[in-house]
Amino acid sequence: MDIQQIQNTLQSLYGPTSPAEKKAASDALLQFQRSQQAWDVIFPILQEPNAPFELKLFVCQTLRSKVQYDFGQLNNESSTIESLRLSILNVLNSMTEFKSQKLLIIQVSIALAYLIIQDFTWETPITDVMNALANTPVNLLEFLNVLPEEMSDFKKLPLTNEEFESQFEKLLTKNAENVYYVLVQSSANIGFNKDLETLVLCCIKSWINEIPISLILSQDSPLWKLIVDGFKDDET
């Protein structure tokens, strides 16, 4: 299925077509998502500035699904996996319109989380992602927000208990203080940006079991003031 065929099939699925046509379109798209070919069209579509939003959302969902369920199709080839890392980070860096692209950013962030959890060869993934997304801090926060959530149940991914526990220690426990300082830095840049404020608060909630509570509750901690102010503000 090429890009135009995908777009036509999406139009059949969501357009004024018969139930039979919608079912056929849904089946065709599901079959495509499970195929090896899907890896080859995801990033060309996401890198196309004029691609329709619905098409980009579909391929973002496809990327998330492929990394979650079909990571094994990459056959543990280091060059292929490294290329996937860079492609996902490049896509996140290219998404600079948070309000209009939020749904896309969330799906790609989840895909990145699934990649990091399963990629045992990536030695310093959290640090690398922090550095790579330094120019898109809202996207970095979205990724940091979803990572603990996606690690809340090892059944989401084909990992053994031992692999899951090892990755949990490597990704969350050992990076908690670094994440805390990212949140502190982000909180200093909030100003009147409600999207950024909401994301920082969501990240605090996601990481609350990992970040030493003494840091958050410290009277000198800007996060503590942010939490208190958040309770007073209905918008957050």
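Residues numbered from 1 in each chain as written. Predicted model: local features only at pLDDT ≥ 70, side-chain atom pairs only at ≥ 80, totals over all residues. Heavy atoms only, no water.

Student: Provide a residue-level description of the packing of helix 1 (residues 3-14) against helix 4 (residues 53-69), including the pertinent values.
Tutor: Here helix 1 crosses helix 4 at 105°, and the two axes come no closer than 10 Å. In terms of orientation, helix 1 and helix 4 fall into the roughly perpendicular class. Every residue of helix 4 that contacts helix 1 at Ile-3, Ile-6, Gln-7 and Leu-10 is listed here: Glu-54, Leu-55 and Phe-58. (Axes fitted to C-alpha atoms, helices over the stretch in contact; angles between N-to-C directions. Helix = DSSP H or I, 4+ residues; strand = E, 2+ residues; numbered from the N terminus. Parallel < 35°, antiparallel > 145°, perpendicular 65-115°, else oblique. Contact = heavy atoms within 4.5 Å.)

Student: Give me the pattern of salt bridges: which residues, what numbers.
Tutor: In total, this model carries six salt bridges according to the counting rule given. Close ionic contact of Lys-23 with Asp-27 constitutes a salt bridge, the shortest N to O distance being 2.9 Å. Highlighted residues: Lys-23 and Asp-27, both in helix 2 (residues 19-34), separated by four residues, approximately one helical turn. Between Lys-66 and Asp-70 there is a salt bridge, with its nearest N and O atoms 3.1 Å apart. Per residue, the accessibility class of Lys-66 equals that of Asp-70, and both read buried. (Salt bridge = Lys/Arg side-chain N within 4 Å of Asp/Glu carboxyl O. Buried < 20%, exposed > 50% of the residue type's maximum accessible area, 1.4 Å probe, protein only.)

Student: So what's going on with the state of the cysteines? Which residues, and what values?
Tutor: With the rule as written, the count across this model stands at zero disulfides. Sulfur of Cys-202: no disulfide; nearest cysteine sulfur belongs to Cys-203 and is 7.2 Å away. Take Cys-202: its relative accessible area is 31%, and that puts it in the partly exposed class. Since its relative accessible area comes to 0%, Cys-203 is described here as buried. (Disulfide = S-S within 2.5 Å.)

Student: Describe the packing of aromatic side chains, and please don't skip the residues or the numbers.
Tutor: Evaluation of the coordinates by the stated rule reveals three aromatic pairs. Between Phe-164 and Phe-168, the aromatic rings sit 6.1 Å apart at their centres with planes inclined by 50°, giving tilted as the arrangement. One end of the pair is Phe-164 and the other is Phe-168, both in helix 9 (residues 161-171) and four residues apart, which spans about a single turn. Judged by its relative accessible area of 14%, Phe-164 is buried. You can call Phe-168 partly exposed: its relative accessible area is 25%. (Phe/Tyr/Trp six-rings, centres within 6.5 Å; stacked < 30°, edge-to-face > 60°.)

Student: Tell me about the environment of Trp-39, residues and numbers included.
Tutor: By secondary structure assignment, the location of Trp-39 is in helix 3 (residues 38-46). Taking the C-alpha atoms as reference points, Trp-39 and Ile-3, 36 residues apart in sequence, are found 12 Å from one another. If sequence neighbours within four positions are ignored, Trp-39 has contacts with Lys-66, Val-67, Asp-70, Gln-73, Leu-74 and Leu-84.

Student: Just give me the short version of the nonpolar core, but keep the residues and values in it.
Tutor: Judged by nonpolar contacts, the single largest core of 78 residues is most densely connected at Leu-112 and Phe-143. Apart from residues lying up to four places away in sequence, Leu-112 is in contact with Ile-88, Leu-89, Leu-92, Trp-122, Val-129 and Phe-143. (Core = buried A, V, L, I, M, F, W, Y, C linked by side-chain atoms within 4.5 Å.)

Student: Go over the side chain of Asp-119 with me, naming the residues and quoting the values.
Tutor: Positionally, Asp-119 belongs in the loop between helix 6 (98-118) and helix 7 (125-132). A polar contact of 2.8 Å, which involves the side chain of Asp-119, links it to the side chain of Arg-85. If sequence neighbours within four positions are ignored, Asp-119 has contacts with Phe-71, Ile-81, Arg-85, Gln-167 and Lys-170. (Polar contact = N/O pair within 3.5 Å; in protein donor to acceptor, adjacent residues only side chain to side chain.)

Student: Just give me the short version of helix 1, but keep the residues and values in it.
Tutor: Every α-helix carries 3.6 residues per turn, so stepping three or four residues along brings you back to the same face. End to end, helix 1 covers 17 Å across twelve residues, agreeing with the expected 16 Å (1.5 Å per residue, within 8%). Among the residues of helix 1, those classed as buried are Ile-6, Thr-9, Leu-10 and Leu-13. All buried residues of helix 1 lie within an arc of 105° about the axis, which places them on one face of the element. For helix 1, the elements touching its buried residues are helix 2, helix 3 and helix 4. (Expected span 1.5 Å × (residues − 1). Arc of directions from axis to C-beta.)

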